[in-house]
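# Tertiary structure, described
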Amino acid sequence: MLRTIAAFDRIGEENAFAVLARATELAGQGRDIVNLGIGQPDFPTPPHIVEAAIKALKDGHHGYTPATGIKPLREAVAADLHKRFKVEVAPDTVMIMPGGKPTMFMSVLMFGEPGVDILYPDPGFPIYRSMIEFTGAKPIPVPVREENGFAFSAEETLKLITPKTRLLILNSPANPTGGVTPKAEVDKLIAGLEKFPDVAVMSDEIYDHMVYDGEKHVCLLTYPSIRDRLILLNGWSKTYAMTGWRLGYAVWPGKLYDYARKLAVNLYSCVNAPSQYAGIAALKGSQEEARKMVAEFDRRRKVVVEGLNKLPGISCATPKGAFYAFPNIKRTGWKAKALASSLLEEAGVAIIGGPDFGVLAEGYVRLSYANSTENILKAIDRMGEFLASRKAA
Ligand code: PLP
């Protein structure tokens, strides 16, 4: 018997990938599947970004880069953050990462161990909890409630902090709920955090371009009182439709930067060079395609909410950000995961059951509206027919 460490009995995963695999398998068998499961833009990467990667390869950028990323890209990130949020970020605190996920992986690894608490949003991105459990730290869910517009509550969050708390994970705009935490609530939370100077904060802002109804994204870098303990997670995957390029960035405070650099050197050396050149083109080039994509998500958001609210037993709050709807299905009588799996197998609609996003997420399902309006309407029609004809399992 191989004697691997117990941590691997505790590590979780992201069920959206399993649903994607099953949906692809069913489609391969000739079934007509509408996939509202996986969270990735249904747009191609804008052509000028693709061209920049091709040019990088033709220009001979085939080798290792610094583990923290090429300097012009780190400078472009700092300039972009300055342009959008008026914050000063030194390029040597920016690290280019292979996607958004590695920043959460590294952050939790830096703070998690048995005997400590890590707070994370629930419902929330499943990798937060998975990684916390992997390290042996205790995962403490911070409830994100429908009645609160799926924003986190400063008061509730602060109450959960104890001397054991080492790290607080925040995410707005949020996956899976589409919730956006208003600035007043963020102000309150940051003011409260001043009493807990030993608690680090990891702010996952990967959906920062996708905020609707004229609202502005609140970047946590704009709060000086937590800058020395704030890790910012962001990247290109969602904003520029680049999920497959594996390109993200982190802003690390103080010594964490060097820890992250060492982890990179130990684990993957550096992010692939052409992606990094593409990243410069994305930030410095035209933002028109990215803007159009957000405008299209905004239109679909209304279609999905209107459609879902017509279904028996379903009510859906209007998401304020990202590209997910998180309807309440409690009155259908279905358990969320059973509904998601029956819809896929019997009606050809892939969605994700709430419990895949946390222990507090029963009674909800997640639909990604990063799909055509035609497919969204088809999925909602199928869900309606299914709910009308099928008793809760
Ligand atoms: N953070 C959140 C909240 C996400 O929803 C996702 C992807 O779905 C990520 C991070 C990971 O992004 P990436 O694909 O760049 O690793």
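None of these values were measured; they are calculated from a predicted model.

What counts as what
Residues numbered from 1 in each chain as written. Predicted model: local features only at pLDDT ≥ 70, side-chain atom pairs only at ≥ 80, totals over all residues. Heavy atoms only, no water. Salt bridge = Lys/Arg side-chain N within 4 Å of Asp/Glu carboxyl O. Helix = DSSP H or I, 4+ residues; strand = E, 2+ residues; numbered from the N terminus. Buried < 20%, exposed > 50% of the residue type's maximum accessible area, 1.4 Å probe, protein only. Expected span 1.5 Å × (residues − 1). Near = heavy atom within 4 Å. Polar contact = N/O pair within 3.5 Å; in protein donor to acceptor, adjacent residues only side chain to side chain. Nonpolar A, V, L, I, M, F, W, Y, C, P; charged D, E, K, R; others polar. Domains from an automatic or database assignment. Contact = heavy atoms within 4.5 Å. Buried area = accessible area lost by both parts, 1.4 Å probe.

Time to look at the pattern of salt bridges. Taken as a whole, this structure holds 27 salt bridges when the rule is applied. Measuring nitrogen to oxygen at the nearest pair gives 2.9 Å for the salt bridge that ties Asp-208 to Arg-84. Here the residue Asp-208 occupies a position in the loop between strand 6 (200–204) and strand 7 (230–235), and Arg-84 occupies one in helix 4 (residues 71–85), the gap between them amounting to 124 residues. Measuring nitrogen to oxygen at the nearest pair gives 3.4 Å for the salt bridge that ties Glu-306 to Lys-310. Note on Lys-310: relative accessible area 65%, which makes it exposed. Through salt bridges that share partners, Asp-42, Glu-296, Arg-299 and Arg-300 make up one connected network.

Attention now goes to the environment of Ala-27. Assignment of secondary structure puts Ala-27 in helix 2 (residues 15–28). With 321 residues separating them along the chain, Ala-27 and Gly-348 place their C-alpha atoms 8.9 Å apart.

Here helix 12 (residues 336–347) spans 15 Å end to end across 12 residues, near enough to the 16 Å set by a 1.5 Å rise per residue. For helix 12, the set of buried residues is Ala-336, Leu-339, Ala-340, Ser-342, Leu-343, Leu-344 and Ala-347. One or two residues past the end of helix 12 sits Gly-348, with phi positive at roughly 70°.

Of all residues adjacent to the ligand, which total 14 residues, the nearest are Asp-204, Tyr-207, Ser-237, Lys-238 and Arg-246. Separating a nitrogen atom of the ligand from a side-chain N or O atom of Asp-204 is a distance of 2.6 Å. In the environment of the ligand, an oxygen atom lies 2.7 Å from a nitrogen or oxygen atom belonging to the side chain of Arg-246. When its residues are assigned to classes, the shell around the ligand shows five nonpolar, five polar and four charged.

With that out of the way, let us pick up the domain arrangement of the protein chain. Annotation of the protein chain at the domain level lists domain 1 (7–44 + 288–389) and domain 2 (47–284). The C-alpha centroid of domain 2 is placed 25 Å from the C-alpha centroid of domain 1. In this assembly, 38 residues from domain 1 lie in contact with 37 residues from domain 2. Buried area between domain 1 and domain 2, summed over both chains or domains, comes out near 3,100 Å², and the portion from carbon and sulfur atoms is 62%.

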